[in-house]
Structures are given as C-alpha cells and as structure tokens.
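# Structural description and commentary
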Amino acid sequence: MTDPEIEPTPEDGSAEADDDAEADSDSGDDGRIGIFPTWRSLYVSVVVYTVALILILYAFTVLLDFSG
Amino acid sequence: MGAIDWGVFTVYFAGVLGLALYQARKNVGVEGYFLANRRLPWGAIGLSVMATQASAITFIGTTGQAFDSGMEFIQVYLPQPLVMVMLCVVFVPFFYKAKLFTAYEYLERRFDAKTRSLTSFIFLISRGLAAGIVLYAPSIVLSVIMGWDERVTILIMGLITIGYTMVGGITAVIWTDVIQMLMMFVGIAVAIFVLFGTLPPEVGVGDVVYLGGIQEMWRSIDLSWDPTNTYSIWSGMIGGFFLALAYFGTDQSQVQRYLTAKSLKASRLSLIFNAFVKVPMQFFILSIGVLLFVFYHFERPPLIFNSAEVAQVEASARAPEYQALELEQGVVHEARRQAALAMLDARDRGADPTALRTEIGRHDERLRELRNDAREIITDVRGATSNDVNYVFPSYIIEYVPVGVLGLMIAVIFAAAMSSLDSELTALSSATVIDFYRRWVRPDGTDAHLLMVSRLATLFWGAVTVVVALFVGQLGSLIEAVNQVGSLFYGSLLGVFLLAFMVKRANGTGAFWGLIGGMVSVAVVSRTTDISYLYYNVVGVVAVLVIGTGLSYLSAESQGGPTEASG
C-alpha cells in the first residue's frame, strides 16, 4: 500500500544535496533579506546576537549580585 | 472580577471566535485545513510559532519559577537563536521543498514506512500528554478566581478551543495566534508596569534591583560544570540546544506552522523573527517573577498561594497548626519588611548594610521553612500538594491589579493557553490523518472525506487532552513537567532526522532500531543518573546516531552491498 501523495525520493536522500543552491536562489527577489545582503550575513548576525546576549546576561549576573 | 473585567474578557473571547469563524471560510480541502494552502506571510507564521511555544504555562509556571529561584531558567532559551539558524540551513529547505503535510512523511521518503509510523506515533503520545498539561495550567487561574473546581474550568477551556479549531483549521489557528501573541506582548508590559505601580512609593527601580540582587535573583548565567545542576549555561546551551532543535525541527506542532508559508524565504524569516525576539521576551516574563519576589517584601504574601488548598486545611483538624504558622509568618514578614526598608536607607546613606543583609537572609530562610511546614500539613490533609509556585502570579493579579487590567490579564493567560492548545490539536490531527488514516486505512479517500475525518480527529485529540488535563494536577512545576515529557522522546526523534540528513548510507533498519535504542538509552539514563533532564536530549541524539549508523552499515553488508536511500 502506498501513499498517493508520496513522490519519488531524491536519489541521495540527503538534505545537503541542494541546500546551498536553494539558499542562494532564495536570497530574495531582489537578492537581499531586509538590511542583510545575503542569508549568510543574516545567520552570522544571529550568532553574534546570541553571543552578545550571553555576555550581557553574564554581566547582569555579576553586576547585580549584592549578596555580599 | 467586576463588570469591566468581564467585559474585557468577553470582548477577547468574542474577537477570537469571530476571527476563527471568519478565517474558517478560507479553508479549501485537506491542504487548506492543515496547511492553509501554503499561502501565509512570514510575520503571521513567526508570531504563531512564538505563540505556540509560549503557553499559559509560560506566564504561570515561569513567573512562579523566577519568584522561587530567580532568572536562571533563561539559560534554557539562550541557544534558540542558534537553533533557528540551523533549522533555516538544514531542516526547512528539505521540508518545504518536499511539499510535506507532516515532518514524519519525510522519513518514509528517506527510510521506510515503519520509521515514519513509529516517529509519528511517538509524537502523538508525547504531544497528547503535553497538550493536557497546557490545558491544565489556565484552569488553575480560573479555579482560583471563580472558586470553581478545576475540572469544570478544564472542560470549559477545552470545549471552546476544540470547537473553533475543529471548524477553522490551521488558517483560523494561525491568525488567532497572531492576535493572542500580540495580547501577550501587551500583557507582559502591563504586568511589569502594574507591579512597579503597586510597590510602596519610596521604593524605586534601583531599590527593586538591589533587593533582588541580595538573594541573587538576577543570576542569569551559572557557569557550574555539575551535570546534576538542572539549569547552568552548559545544560542550557547543550541540552537546551538539542531540546529546542527537536521541538522546532521535528515536532509537528511547530513544523506545520512553517509549512504553511507562501515561500521558502517566508518560512525562514518566520524562524529568524523568533531568533531575535524569543530570548528578550522570556527575560521580561522571568523578570515579572523577580519583581513579585521583591513586591512581597513589602506586602504580606499568603503563606500558601493556592487558596483552594488553604480552605481545605482550614476545614480540617490541623487548622490550628496552620494558623499558628500563619501568625509566625506575619511576624517574620514584618521583620523582613522593616529590615529591607532599613537596608535601603543605609545604602542611601552610604552606611554598611552587611548586618541588615544578613538579617534579611535569616528572615528569608525562616519564611521558606514556614512554607515547607505549611506544605507538609497540606500534604497530610489532602494526601498530595500542588506546586505552589504556579499560583504566585494568579494570586497577585487577583489581589492587586486594578479593575479592567484583571480582565485583560486573565484574557492574556487564556490567549497563551489557547494559542498553544489549538496548534497542538491541529498538529495531532494532521499526524493522525496523514500519517495513519490516509497512509494505512484510506489512501484513496476523497478530499471531502479526509476533511471530515480531520475534523473528527481534532475532536478526538481534544477529548484526550481534556482527560489528561483532569489527571495532571499532581505533577511538579508545570513548565518543567512539559519539558521533561518532551525530553524523554525529543532527543531520539531528533536523532532520526539528523541520521536522515547527515548519514547518507543510513537505511530504514538503522533508523527504526536506532530510534528504539535511543529511547531505551534515555529511559536508562533518566532512571540511573541524576543528570539534568536537559541532557536527555543529547543522550537520545547520540544513541540514535551511533546505533542507527552502525546497524545501517551492518545490514547493508549482510545484504552484500552499500545501502542506498529507500524510495
């Protein structure tokens, strides 16, 4: 018994096969994603943002510890 | 609740039901019911993704947790921006391009039917249980406010949500999620504003920060390497990363959201939106708990916040003991209040506050002991006790927030609950119909027939959710309970998807038995060690990858050649 909606599988079955190409083609109709020129720059900004969050919260932890 | 509060509350319900019915007109067939015909914009999906995760538990359980132990829970959320990037790069392109209805469909294309069925079945069981907890949380609020039995409030909440989800499908769910999430943003801001407004006039923002800091309530990062420490930066960044990746990448209640996008770009943007907004939102929600902690330095808190349990104790033979504890609590609280004010004064004068700080710490310790003694009495009288921190925020809003705001806050908690529950019902329904009914029972069913079955499946899972909610009351802190249920399965589910994405030679045999091996590994680790439950996800992923890869290679060799992905 087969699912009528199931289409043929990509031959290698892996995600990375066409991900890069897709990411490039999906960079937007105008090649930009908002203020970001590429998806890669957007992803890098998220990573930097995460590191900044951790550092801010660590500073928060140290500076607002009044337990003596 | 006064007439104005009821008015606000009624407007919310009327608005949500009206919007749901309006959006229901746009459903066309099964694809419309489950995927909104893949035409929704990223902003709506982004808010829906956030609303689905932020349940009423987020407001009730998380604020209570911060009231009890400070901001450390934020560490669980810190890896989420990185998770969103990984989803955008690895998961979303494959799911979106394959035109799937459910995440588990992909596993049949990649591996085989039994792997798809097993993963979908695990999702149905774990999410069905979690949905019950999500429904139970707001019933606490209603039962405290109305004085109703929790079972009555569970039934009312459940029936309303089941009704509009059955009729409206995913389109109604996502657009009501948008409204509900915006209400949550407003609710968070209003709660913080009102909390500052109810503090004594002489206590300012700096004083609040200082008093919280004395008890280390602002400690957000814990660098401890101890693996038994539930919340540290390591358990958060490692265990929390895998938990979030599994939740957003393999849980149908989230995957279904970004499959409704009108383009791959829209899918990705909805997740990136969450990457930037989620952690700050969680920070402010936790801050409400710390503000409550400081607030109750100046206003006397109930010894036990769950008024229903207090009423039972006061009607029992142990009432005199409980009242004696209450009397002492009043004395100790007043002493702490005086010490807190004196310490703020000493700080302003530049005097050494060490002695006062020690005194406050001593009073805090005694107050905790009194609360523990009171809980023991409740356990003795009732045979069990609920986790009282879940009642801290509801107790505050009932007692202290002004008219109108009470109705708004109650509506916000309802919005949070309903925005999660409706998403989970559509996800449970889609997995049931697409992965089981259409796959195994009626592959040739007409669209109209499948649409009818989809609505019935929504009704069925709604009923299951209600039943689970009726029996979930004795679990510990609600937010932990949800995550713990997820952690037992999520790591292994994620492991199967990573096996599919990363190991080209993995086959159905390896994936199926790797999944079972992963779950067994997590069960063994959870029973034999004291490590934080967040690490269970790592254990599940590693076990599935190791067992799955090994078995794939072994089974391929036994068949005399390299394994290829099955069609």
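Residues numbered from 1 in each chain as written. Chains lettered and ligands numbered in written order. Predicted model: local features only at pLDDT ≥ 70, side-chain atom pairs only at ≥ 80, totals over all residues. Heavy atoms only, no water.

Our next topic: the pattern of salt bridges. All names here are of chain B. Following the criterion strictly, the structure yields 24 salt bridges over all chains and no others. Notably, a salt bridge pairs Arg127 with Asp251, separated by 2.7 Å at the nearest N-O pair. Pair noted here: Arg127 is in helix α7 (residues 113-146) and Asp251 is in the loop between α10 (233-250) and α11 (252-259), with a separation of 124 residues, a long-range link. Each of the two residues, Arg127 as well as Asp251, counts as buried. Across the salt bridge formed by Arg257 and Asp177, the nearest N and O atoms sit 3.8 Å from each other. In this pair, Arg257 sits in helix α11 while Asp177 sits in helix α8 (residues 150-197), placing the two residues 80 residues apart along the sequence. (Salt bridge = Lys/Arg side-chain N within 4 Å of Asp/Glu carboxyl O. Helix = DSSP H or I, 4+ residues; strand = E, 2+ residues; numbered from the N terminus. Buried < 20%, exposed > 50% of the residue type's maximum accessible area, 1.4 Å probe, protein only.)

In the predicted model, chain A carries a mean pLDDT of 69, and the fraction of residues at 70 or more is 54%. Taken together, the stretch residues 1-29 of chain A has pLDDT below 50 and engages in 61 contacts with residues farther than four places along the chain or on a different chain. (pLDDT = per-residue confidence, 0-100. Contact = heavy atoms within 4.5 Å.)

The next subject is the packing of helix α20 (residues 508-528) of chain B against helix α21 (residues 536-558) of chain B. Residue and element names in this part refer to chain B. With their axes 7 Å apart at the nearest point, α20 and α21 run at an angle of 145° to one another. Every pair of crossing elements has a handedness; the one defined by α20 and α21 is right-handed. Residues Thr509, Gly510, Trp513, Gly514, Leu515, Gly517, Gly518, Ser521, Val522, Val525 and Ser526 of α20 pack against Tyr536, Val539, Gly540, Ala543, Val544, Ile547, Gly548, Leu551, Ser552 and Ser555 of α21. In terms of residue class, the contact of α20 with α21 is built from 10 nonpolar, 11 polar and no charged. (Axes fitted to C-alpha atoms, helices over the stretch in contact; angles between N-to-C directions. Left-handed = near helix turned anticlockwise from the far one by under 90°. Nonpolar A, V, L, I, M, F, W, Y, C, P; charged D, E, K, R; others polar.)

On to the side chain of Arg109(B), then. All names here are of chain B. Secondary-structure assignment places Arg109 in helix α6 (residues 103-110). Glu105 provides the closest opposite charge to the buried, salt-bridge-free Arg109, at an N-O distance of 4.2 Å. Polar side-chain contacts of Arg109 include one of 2.9 Å to the backbone oxygen of Ala98. (Lys, Arg positive; Asp, Glu negative; His and termini not counted. Polar contact = N/O pair within 3.5 Å; in protein donor to acceptor, adjacent residues only side chain to side chain.)

Here the focus is a nonpolar patch on the surface. On the surface, Tyr58(A), Val62(A), Leu63(A) and Leu223(B) cluster together into a nonpolar patch covering about 390 Å² of accessible area. Note that Val62(A) resides in helix α2 (residues 39-63). Take Val62(A): its relative accessible area is 46%, and that puts it in the partly exposed class. (Patch = residues over 30% accessible without salt bridge, like charges linked within 9 Å, V, L, I, M, F, W, Y side chains within 5 Å. Areas by Shrake-Rupley, 256 points an atom, 1.4 Å probe, with all protein chains shown as cover.)

Bringing the packing of aromatic side chains into the picture now. Given two aromatic rings, one states the distance between the centres and the angle between the planes to describe the pair. Residues and elements named next belong to chain B. According to the stated counting rule, one finds 41 aromatic pairs over all chains in the structure shown. Relative to Phe293, the ring of Phe67 lies with its centre 6.4 Å away and its plane at 70°, an arrangement referred to as edge-to-face. Taken together, the positions of Phe67 in helix α4 (residues 56-69) and Phe293 in helix α12 (residues 264-298) put the pair 226 residues apart, joining distant regions of the chain. Here Phe67 falls in the buried class, since its relative accessible area comes to 11%. On the basis of relative accessibility, which here comes to 7%, the residue Phe293 falls in the buried class. With 5.5 Å between their ring centres and 25° between their planes, Tyr396 and Tyr400 make a pair best called stacked. With Tyr396 and Tyr400 both in helix α16 (residues 392-400) and 4 residues apart, the pair spans about one turn of that helix. (Phe/Tyr/Trp six-rings, centres within 6.5 Å; stacked < 30°, edge-to-face > 60°.)

Residues and elements named next belong to chain B. Located in the positive-phi region is Lys99, a residue other than glycine, with phi close to 55°. With respect to the helices and strands, the residue Lys99 is situated in the loop between α5 (80-97) and α6. According to the relative accessible area criterion, Lys99 is partly exposed, its value standing at 42%. Look at Glu216: it is not a glycine, yet its phi comes out positive at around 55°. On the basis of relative accessibility, which here comes to 32%, the residue Glu216 falls in the partly exposed class.

Residues and elements named next belong to chain B. At a minimum axis distance of 10 Å, the contact between α8 and α12 shows a crossing angle of 30°. As judged from the angle between their axes, α8 and α12 are roughly parallel. Between α8 and α12 lies a crossing of left-handed hand. Where α8 approaches α12, its residues Met181, Phe185, Ile188, Ala191, Ile192, Leu195 and Phe196 are matched on the opposing element by Val277, Met281, Phe284, Ile285, Ile288, Leu291, Leu292 and Phe295. Among the residues making up the contact of α8 with α12, the classes are represented as 15 nonpolar, no polar and no charged. (Parallel < 35°, antiparallel > 145°, perpendicular 65-115°, else oblique.)

Examined against the element boundaries, Asn37(B) turns out to sit in the loop between α2 (29-35) and α3 (42-53). Between the C-alpha atom of Asn37(B) and that of Leu408(B), which follows or precedes it by 371 residues, the distance is 34 Å.

Residue and element names in this part refer to chain B. When you line up the elements, Leu421 lands in helix α17 (residues 405-441). Residue classification places Leu421 among the buried positions, given a relative accessible area of 2%. Once residues lying within four places of it in the same chain are set aside, the contact partners of Leu421 are Ala131, Val134, Leu135, Thr161 and Thr465.

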